[in-house]
Each structure stands twice: as C-alpha cells, then as structure tokens.
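Chain residues, written in single-letter form:
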Amino acid sequence: MKEYWTSLASLLGVFAFCQSLMHSIFPPELRFAFLKFFNRVFHLFSSYCYFDITEIDGVNTNELYNAVQLYLSSSVSIAGNRLSLTRAVNSSSITFGLSNNDSIVDTFNGVTVLWEHVVTQRQTQTFAWRPLPEEKRGFTLRIKKKDKTLILNSYLDYIMERANEIRRKNQDRLLYTNSRGGSLDSRGHPWESVPFKHPSTFETLAMDPLKKQQIMDDLKDFANGQVFYQKTGRAWKRGYLLYGPPGTGKSSMIAAMANYLGYDIYDLELTEVHSNSELRKLLMKTSSKSIIVIEDIDCSINLTNRKKNSSNVSSLSRSYYEAETRNGSGSGGSGEEGGNGNNNTITLSGLLNFTDGLWSCCGSERIFVFTTNHIEKLDPALLRSGRMDMRIYMSFCNFPSLKILLKNYLGYEEEDVGEDLLKEMERVVDKAEMTPADVSEALIKNRRDKEKAIRDLLEDLKSRGERNVKDGKLRGGNGNLTELEVVEEQEKRAIDSQNGRDEKDHDEEEIELEDNICR
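Attention in this report is confined to the structure presented alongside it. (Residues numbered from 1 in each chain as written. Predicted model: local features only at pLDDT ≥ 70, side-chain atom pairs only at ≥ 80, totals over all residues. Heavy atoms only, no water.)

Bridging between strand S6 (residues 103-108) and strand S7 (residues 111-121) involves six bridges; their strand directions are antiparallel. Bridge pairing in S7 places Thr 107 opposite Thr 112. Where S6 folds back on S7, the antiparallel hairpin that results is connected by two residues, among which Asn 109 adopts a positive phi of roughly 50 degrees. Two strands pair when backbone bridges link them, and S7 and strand S8 (residues 135-144) are joined in this way by eight bridges, in the antiparallel orientation. Looking at the pairing, Trp 115 lines up with Leu 141 of S8. (Pairing = 2+ DSSP bridges. Helix = DSSP H or I, 4+ residues; strand = E, 2+ residues; numbered from the N terminus.)

Below you can see the structure in the form of structure tokens.
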C-alpha cells in the first residue's frame, strides 16, 4: 500500500513538472493561437455552423434572445424533459422555457436545427454604467452550412413573428385612455392603461347572426391582409362606424372586436385634446394591433357647421374640410390651433387627417371605431370610404337577438321555450322597439324565476308595441320600413342634409364674393 501511494505521488510530480515545462515552453499566447487555429481547421471540415444569440447586446437587451425564448416555449412544453416556468407581468398564462444548458431540436421548412440554452457564470465586474446579471445567458443555433441562407433569410423572421403572436396571446389586453390635459405619465407616455377584462364576445352579442358573421369575416380578412394591403398600396388600417339608438350594444361590439382579434383598445377622449398636433402625437404613441375608439363623436366636437370668415375674401380659398372649432377644455371660446390662453382647438380637418391622412400610416394593423347615436349630425366627409369603411347599424332588439339574450341570461335554448310564446314574441318584438339593454334588464330582474321572466318580458313587449302603434312612433312613422330601409334612409338623410348646407354656403359665398368685387 505504501508503494502505491509513493508511485502516485511520483506520477503527480512528473505531471506537475511537465505542466510547468509546457507553460514555460508554450506561453499562453501561443496556446491560444494554437487552439484558435485548431478550431478554424475543425470548422473548415465540419458540415455545421454555429450562431450565438446573447441575452445582453453590449448594454441593451437583445430582442432576438427574448423572441427565441418565447418561440421555443411553444415546442418545449411538448418535447422538453426539464423545463423552466415563468409568468410575465400582465400575462394570464404560464410560459415554458428551456432549462440551463439544455437543448432542443426544431424543424423549419424541412430543415432540422439544434437550439442550446447556454448559461455560464459571468466574470467579476469592475465597473459598469449598467449592472449586468451574474449569469451570462444565450442561445446557440447549430445548422448545416448548406441551410445557412434559408435560416438567415426566413427562419429568424418567422421566429420574430411567432414570438409576437405568442406574446400577444399570453398578455392580457389593455385599455388605454389619453391623460387629462395632455399630461405625460411617469414613463413619458400620453396614454394611461388598465387591464381590459370585458367579457363581451360575438357569441354573446345580441345581434342578427348573419350580420355578426359578416363583421367577423371582415375583421378576419383585415387581420390576415398584410400582403393584400401592401400589394394594393393601401395603409393597413380600417374604419368602422357604429350608429344607432342608445343601449343597442355599441360598446359591447367594440369589446367583442377586441377580444376576437386580441387587440388593445385606445379610448380617445377628444375633449382632452387641445390641438391637431397633440392629436397626431397621440396617434404616434399607439401600438400596432390596436383599436382606436372615439365614442359619441357627434358630442365630442362640432362636425356639422362649416366655419366661414365673412370679413376676408381669402377665406374662400380655405379647405373644404375646415370646421367650426370647439374649445378642447369645454369653455365657450373658440379659436385657431395654438390660440391665446386656453382656446386650444382641434378641427374637423385635423380629425380627418388623424383617420385617413399621412399620419394615420405611422403604424400598421390598426382599426378606427367611431360611435354615434345620430349619424345625420356627422359631416359626410367623415363617412366616406377610406375613413369609415364599414357602417354598422346597431338596431333595436329583433327576434334573433332576443333568442340570444334568452340564452345568455336564462340559459334557454329555442326548444326550451313554448312554441306559442316564441311566436307571440316574434310577432311583437319589432313593434316594441326595445333595445338589447332594456331586454337584458328585464331578464336580469327575474333571472331567479325564469318562467316569470318570460311572462313579464312578453307583457312589456306587448305594451310597448301597442303604445308605439298608437302614438305612431314606429320606424318610418307607419312601421312598414324594414331595418335595411331604415339604415339607408338615415344615411341618405345624413348626406343630403349636409349637401344642402354646403350648397347654401356656396351660394352665399358667391354672392359675398361678387359684392366684394363690386366694392
């Protein structure tokens, strides 16, 4: 035994002597050059190439690293043996990820690649403007050299797109509103946000199923239309106008659109916007894949009367879209943009440029939604295609929407209600002209007693219908107009009323011009 330990000590001594001899004969610089040369020779004959994607690029976070981490999470949850679990801020789901120094195989267009999550201890920092994590993290991508072009040109872009989709799916929707008086939050943003938790969906929306399907198809075509919009040279945006009586579900429609597409909502309060330039800045700070909403547009600013300066002939050359302005803070004064005191104003021209001008193209995949109770009060310049591409009439409760409300609030399918009751409801519901909000409230009051809820609702429908027939308050005065005819009549009245004002203003301007010339 003593001889064994003596032999081992002798071997260790010889090894230490050889190591010191190697260090003296081959200095570190020479060894490093040899290893570098060896790696070059190895990679020269190797069929693979490697790409390192570090978490920190200099002092900034590498966006590609985060994208790869999210992208691999969709495959790791199925194929990985050892996983790391994370949950981001404002996220409603848990994300899977590769553990330290673990690897996974991925396939793209028939090409197989290998991802390895490399985590090493960072050397002691001496001084840095921004403290770095103790661990140095990164991904190493191994691919075959023949696939290098495909991976660099397509695969990495695909990863970025998929990561954005996963991030949007996992992250809760946000509801934004512009800060009061144009002030900025702690991060310098003009928008304040809260989590968007509205439960409205197209399935629960009280509307004719055919009309709902038409809207859903239009939204889907828009969301998947990036190539189409680029091909046709159009900005990737779309405008919707929701109009109809109060209580017909315009706000619920907006929430259903946001939940269907997974978009954030920017609720723009125009009375807090003081100038056209401030309106443009708000637009610039909105994100892609969002819905920009202006509710009750007819009550926000004056969009009907055209402003005319009778004391100056040069006023005739002003834009057709120049509108009478309204004080953004709600006071009685008015003035041009950038006026004195608190008379900061926005104009119809600024609003039109906001929805359809050059500044509306500063983002992509955005939807503009305006709501109004009185479409006839809106200027036709705001209603034309390109600004309001789809006009949706939110009608009173009809029979198909009534059946949806019975299912929502009472859990009743069509076969659960007596045939006679259904026929009676179908006969009186159009004459009653009850809004979905009124019907919902009637059902909520008696939801504990479903039969009583049906009876009371039917009595309410009958009494309102008889009162409307007696007073002649049905749509069209005689109750014979269909919903489509009502919509067409309202839109025609809105355009004709404004055209009449425009012709009158034009005649007055010509007379005024002739008087000025004579003088």
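As for its position among the elements, Thr 286 is in the loop between helix H8 (276-284) and strand S13 (290-294). A polar atom in the side chain of Thr 286 sits 2.6 Å from the backbone oxygen of Leu 283. Beyond its immediate stretch of four places on either side in the chain, Thr 286 contacts Trp 191, Tyr 266, Ile 292 and Arg 366. (Polar contact = N/O pair within 3.5 Å; in protein donor to acceptor, adjacent residues only side chain to side chain. Contact = heavy atoms within 4.5 Å.)

So, about the pairing of strand S12 (residues 264-267). Of the strand pairs in this sheet, strand S9 (residues 174-178) and S12 are connected by three bridges, and their pairing is parallel. Bridging across to S12, Thr 177 finds its partner in Asp 267. A crossover connection joins S12 to the parallel S13 through H8; in handedness this β-α-β unit is right-handed. (Right-handed = clockwise from strand over helix to strand, strands pointing away.)

Attention now goes to helix H7 (residues 250-261). For H7, which comprises 12 residues, the first-to-last C-alpha distance of 17 Å matches the rise-based estimate of 16 Å (1.5 Å per residue) to within 8%. Looking at the packing, one finds that the buried side of H7 touches helix H4 (148-170), helix H5 (209-223), strand S11 (237-243), S12, S13 and strand S16 (366-372). (Expected span 1.5 Å × (residues − 1).)

Following the criterion strictly, the structure yields 15 aromatic pairs and no others. Here the aromatic rings of Phe 108 and Tyr 158 are separated by 5.2 Å at their centres, their planes lie at 35 degrees, and the arrangement is tilted. With Phe 108 in strand S6 and Tyr 158 in helix H4, this residue pair connects regions lying 50 residues apart in the sequence. Judged by its relative accessible area of 10%, Phe 108 is buried. With centroids separated by 4.3 Å and ring planes inclined at 10 degrees, the aromatic side chains of Tyr 176 and Tyr 266 adopt a geometry described as stacked. Here Tyr 176 is found in strand S9, whereas its partner Tyr 266 is found in strand S12, with 90 residues between them in sequence. Judged by its relative accessible area of 3%, Tyr 266 is buried. Among the aromatic side chains, those forming a connected cluster through ring pairs are Tyr 65, Tyr 71, Phe 108, Trp 115, Phe 139, Tyr 155 and Tyr 158. For Arg 142, the ring lying beneath its charged end belongs to Tyr 48, and the centroid distance is 4.1 Å. (Phe/Tyr/Trp six-rings, centres within 6.5 Å; stacked < 30°, edge-to-face > 60°. Buried < 20%, exposed > 50% of the residue type's maximum accessible area, 1.4 Å probe, protein only. Lys NZ or Arg CZ within 6 Å of the ring centre and 35° of its normal.)

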